[in-house]
Number of protein chains: 2
Amino acid sequence: MRLCLIGYGRVGYGFVRVLHRHGGWLAQRFGFAPRIVAVHDLRRGTVLAPAGLDLARLAAAWEENRDLGELGERGPGLDAFAVIRESEADVVVELTPTDLRTGEPAAGHIRFALASGKHVVTTNKGPVALFGKELLALAREHGVQFRFEGTVMAGTPLFSLVDFGLAAPIRRVRGILNGTTNFLLTAMEAGRTYAEALAEAQRRGYAEADPTADVEGHDALAKIVILANLVLEGDLRPSEVPCRGITGLDPAEVRRAPREGFRWKLVAEARRSADGVVAQVGPERLPLSDPLAQVGGALNALTLELDPLGAVTLVGPGAGPEVTGHAVLADLLAIHRGLR
Amino acid sequence: MRLCLIGYGRVGYGFVRVLHRHGGWLAQRFGFAPRIVAVHDLRRGTVLAPAGLDLARLAAAWEENRDLGELGERGPGLDAFAVIRESEADVVVELTPTDLRTGEPAAGHIRFALASGKHVVTTNKGPVALFGKELLALAREHGVQFRFEGTVMAGTPLFSLVDFGLAAPIRRVRGILNGTTNFLLTAMEAGRTYAEALAEAQRRGYAEADPTADVEGHDALAKIVILANLVLEGDLRPSEVPCRGITGLDPAEVRRAPREGFRWKLVAEARRSADGVVAQVGPERLPLSDPLAQVGGALNALTLELDPLGAVTLVGPGAGPEVTGHAVLADLLAIHRGLR
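Calculation rules
- Residues numbered from 1 in each chain as written.
- Chains lettered and ligands numbered in written order.
- Predicted model: local features only at pLDDT ≥ 70, side-chain atom pairs only at ≥ 80, totals over all residues.
- Heavy atoms only, no water.
- Core = buried A, V, L, I, M, F, W, Y, C linked by side-chain atoms within 4.5 Å.
- Buried < 20%, exposed > 50% of the residue type's maximum accessible area, 1.4 Å probe, protein only.
- Contact = heavy atoms within 4.5 Å.
- Axes fitted to C-alpha atoms, helices over the stretch in contact; angles between N-to-C directions.
- Helix = DSSP H or I, 4+ residues; strand = E, 2+ residues; numbered from the N terminus.
- Parallel < 35°, antiparallel > 145°, perpendicular 65-115°, else oblique.
- Left-handed = near helix turned anticlockwise from the far one by under 90°.
- Nonpolar A, V, L, I, M, F, W, Y, C, P; charged D, E, K, R; others polar.
- pLDDT = per-residue confidence, 0-100.
- Salt bridge = Lys/Arg side-chain N within 4 Å of Asp/Glu carboxyl O.
- Pairing = 2+ DSSP bridges.
- Domains from an automatic or database assignment.
- Buried area = accessible area lost by both parts, 1.4 Å probe.
- Expected span 1.5 Å × (residues − 1).
- Phe/Tyr/Trp six-rings, centres within 6.5 Å; stacked < 30°, edge-to-face > 60°.
- Lys NZ or Arg CZ within 6 Å of the ring centre and 35° of its normal.
- Polar contact = N/O pair within 3.5 Å; in protein donor to acceptor, adjacent residues only side chain to side chain.

**Student:** Would you mind going over the nonpolar core in detail, with residue names and values included?
**Tutor:** Leu227(A), Leu304(A), Leu227(B) and Leu304(B) are the most contacted members of the largest nonpolar core, which totals 156 residues. In contact with Leu304(A), other than residues within four places in its own chain, are Leu158(A), Leu161(A), Val162(A), Leu166(A), Ile170(A), Arg172(A), Val173(A), Gly310(A), Ala311(A) and Val312(A).

**Student:** Please set out the packing of helix H1 (residues 10-30) of chain B against helix H2 (residues 55-63) of chain B residue by residue, giving values where relevant.
**Tutor:** A packed helix pair is summarised by two numbers, namely the angle formed by the two axes and the spacing between the axes. Residue and element names in this part refer to chain B. With their axes 9 Å apart at the nearest point, H1 and H2 run at an angle of 150° to one another. Put simply, H1 runs roughly antiparallel to H2. Crossing of H1 over H2 shows left-handed handedness. For the pair H1 and H2, contact is made by Arg-10, Tyr-13, Val-16, Arg-17, Leu-19 and His-20 and by Leu-55, Ala-56, Leu-58, Ala-59, Trp-62 and Glu-63, respectively. Of the residues contributing to the contact of H1 with H2, the split by class is eight nonpolar, one polar and three charged.

**Student:** Explain the confidence of the model for chain A residue by residue, including any values.
**Tutor:** In this model, chain A carries a mean pLDDT of 95, and residues with pLDDT of at least 70 account for 99%. Predicted as a complex, the structure gets a pTM of 0.96 and an ipTM equal to 0.95.

**Student:** So what's going on with the pattern of salt bridges? Which residues, and what values?
**Tutor:** Residue and element names in this part refer to chain A. All told, the structure shown has 54 salt bridges over all chains when counted by the stated rule. A salt bridge links Lys-125 to Asp-219, with the shortest nitrogen-to-oxygen separation between them at 3.3 Å. You can see Lys-125 sitting in helix H5 (residues 125-141) and its partner Asp-219 sitting in helix H10 (residues 218-230), a full 94 residues away along the chain. Assigned by exposure class, Lys-125 and Asp-219 land together as buried.

**Student:** Hey, could you go over the sheet that holds strand S3 (residues 45-48) of chain A for me, with residue numbers and the actual values?
**Tutor:** Residue and element names in this part refer to chain A. Spatially, S3-S2-S1-S4-S5-S6 is the arrangement adopted by the six strands of the open sheet, whose pairing is mixed. The strands lining the two open edges of the sheet, one partner per strand, are S3 and strand S6 (146-147). As paired strands, strand S4 (residues 91-94) and strand S5 (residues 119-122) are joined by four bridges and run parallel to one another. Residue Glu-94 lies in a different strand from S5, and its bridge partner there is Thr-122.

**Student:** Any chance you could break down the domain arrangement of chain A for me, citing the residues and the numbers?
**Tutor:** Residues and elements named next belong to chain A. Partitioning chain A into domains gives domain 1 (2-154 + 321-339) and domain 2 (164-317). Each of domain 1 and domain 2 has a C-alpha centre, and these two points are 28 Å apart. Taken together, the contacts link 16 residues of domain 1 with 21 residues of domain 2. Carbon and sulfur atoms supply 78% of the area buried between domain 1 and domain 2, which totals about 1400 Å² over both sides. Summed over the shared surface of domain 1 and domain 2, the number is one salt bridge.

**Student:** With reference to specific residues and values, describe helix H10 (residues 218-230) of chain B.
**Tutor:** Relative to the 18 Å expected for 13 residues at 1.5 Å per residue, H10(B) spans 18 Å between its end C-alpha atoms, a close match to the ideal helical length. Burial analysis of H10(B) places twelve of its 13 residues in the buried class, which makes it a mostly covered element.

**Student:** Which residues make up the packing of aromatic side chains, and what values do they have?
**Tutor:** Across all of its chains, the model carries 13 aromatic pairs over all chains by this definition. Between Trp25(A) and Phe30(A), the ring centres sit 5.9 Å apart and the planes meet at 80°, which makes this aromatic pair edge-to-face. Ring plane angle 70° and centroid distance 5.0 Å describe the contact between Phe183(B) and Tyr206(B), whose orientation is recorded as edge-to-face. Taken as a pair, Phe183(B) in helix H7 (residues 179-189) and Tyr206(B) in the loop between helix H8 (194-203) and helix H9 (212-215) lie far apart in primary sequence, 23 residues in all. A relative accessible area of 8% means that Phe183(B) is categorised as buried. Here Arg111(A) stacks its cationic end above the ring of Phe131(A), 4.8 Å away from the centre of that ring.

**Student:** Account for the sheet that holds strand S6 (residues 146-147) of chain B, with residues named and values stated.
**Tutor:** Where strands meet in a sheet, backbone hydrogen bonds hold them as pairs that are either parallel or antiparallel. Residue and element names in this part refer to chain B. Read across the sheet, six strands follow the order S3-S2-S1-S4-S5-S6 without closing on themselves; strand pairing throughout is mixed. Taken across any chain shown, the strands that pair with only one partner, and hence form the sheet edges, are strand S3 (45-48) and S6. Strand direction decides the pairing type here: strand S2 (residues 35-41) and S3, joined by four bridges, are antiparallel. Each bridged residue has a counterpart across the sheet, and for Val-39 the counterpart in S3 is Val-47.

**Student:** So what's going on with the interface of chain A and chain B? Residues and values would help.
**Tutor:** When the parts of a complex come together, some accessible area is lost, and that lost area is often taken as the interface size. Counting residues at the interface gives 40 residues for chain A, matched by 40 residues for chain B. Around 3500 Å² of area is buried between chain A and chain B when both sides are counted, 63% of it from carbon and sulfur atoms. At the boundary of chain A with chain B, the tally comes to two salt bridges. The closest approach of N and O atoms between Arg21(A) and Asp307(B), which form a salt bridge, is 2.9 Å. Put simply, chain A and chain B have twelve residue pairs in polar contact (both at pLDDT 80 or more) between them. Contributions of two or more residues to the side of chain A that touches chain B are made by helix H1 (10-30), helix H6 (158-165), strand S11 (310-317) and helix H12 (321-337) of chain A. Its residues assigned to classes, the side of chain A that touches chain B comprises 23 nonpolar, nine polar and eight charged.

In structure tokens, the structure reads:
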């Protein structure tokens, strides 16, 4: 399998490190030995290497912030589309920054790659939330796969569980899908102010300098729309889904709730209803007996409800470069194994 | 796909009901429409029906405790082996009662079916704990599948997650794999005596008249050996694994622990070590912050540890005829889809 990476930021670096560590095991266990034959990044440059890049050198180039062109054939002046076209990759790994309003530039790259008969793996929520079904249909039309395990719960293998483990339709999904706000709520419950909690989350790398997308619920919204459309077969646009974040919560109430047997969580939910699939994101005061109430810190959790299982809950890491890199690797392995 | 059911007890009945309820969805979504062409049960009789049995009538025969021979061609005097041979099924579903010491009669049925070139799905822990690797090798040799999702955590799709969702080796698994003892511990913590808790579990159908296999840890032992050998690639026999149940626990200590920030759980664990894969079963006093400490009642949970994900925990129902029937259906669907 020959890979072309479009975007080489933190997730790309995490992916390269995980592949480097587990490449031997994957080759032995599954005969799976992918080669990275092209990397394109707007800031870090472009490299084409038909024989495959050395993973240790590729990781070092990221750590030392060096131009990728030093690693092989430079490919000067090539844009992402040209790299996808000229790399002769079987699979395009789309890892450019997320834009939840337009899905670009990832959506364009993904359409172009699928239409060229290349599989696509992405961790970018934008194009999947906005155009997920269209992109899946395009992949089917061209006989290739479009996989996006890393878009929801990062490396926790949620879509694999849903795609390959269940034999009945899911009625409802409900979960904690944003680790940043969960960390903030856990810290506020322990007595921190919102500002103190946010500063700590930023220090630990859980929150960005501009935390709007997390704290206003937009990140959880994109994720629940992905689940609503691609797991529950709904047809929702993000703008149609009611969404409240945690900034309106009273910190004193967050602190007090556990003494009354409750805990505030930012809950995202999607379910089948008489009016089709509906979804929402907002803070909820959960009884402590709810499994979601027990999920603290930066963890994510999702409860799937279906007959006859009742509730099945998956808890795992929801963010992190290597964790998300594992999701990319799992998607590539599924393509290698012909799982679909 | 044509199915032959060997054993038609509670799990078989649960499977038939779940297939009946979700058959339309499975046919539409996956083009999957299995027919049950033979059922053999020592107590309930035998039916051969090459055109496929009506599921509602098959379920009713169970409820009304009628002889299966009334449903079609009687097949008088046929034993399980003859039914497997003469049914022309593609898949044998082995659901006879579990014997953790010998694995029989299931092991013999499974060997015979695999050697005849038929896929096998089972929920029977005995043959998988005792002969799992041998049976998998036999399946590979004959180009068929051997699947056993229902043996651990019943319908909670644990093996699917492990088989199809991960791209790195698991280091350790650790969980609550016996719902009966978890129910008993939860009830004892709430103030019941051991005898009261057991009586209630028996009333609810969580515990058998002779609860030995559950309360002495033998059921959890069989499950952790399955995980040790088939997930961690170990080579353990049940008799080699240290195993303690819950009967030696002091009820007062179980009640007191939460006030000190702990909770007693029967924990099964298997891990890779310098000496190969090792496993154990026994009561542990877990801090309340451990995700396993939050799993109450008859639920099961398993935490998988692997690089780079850290811990991923799956929580779901660990027992019940329909829940286990769903596991059979999921395994059959995987075979239909060619997932492996």
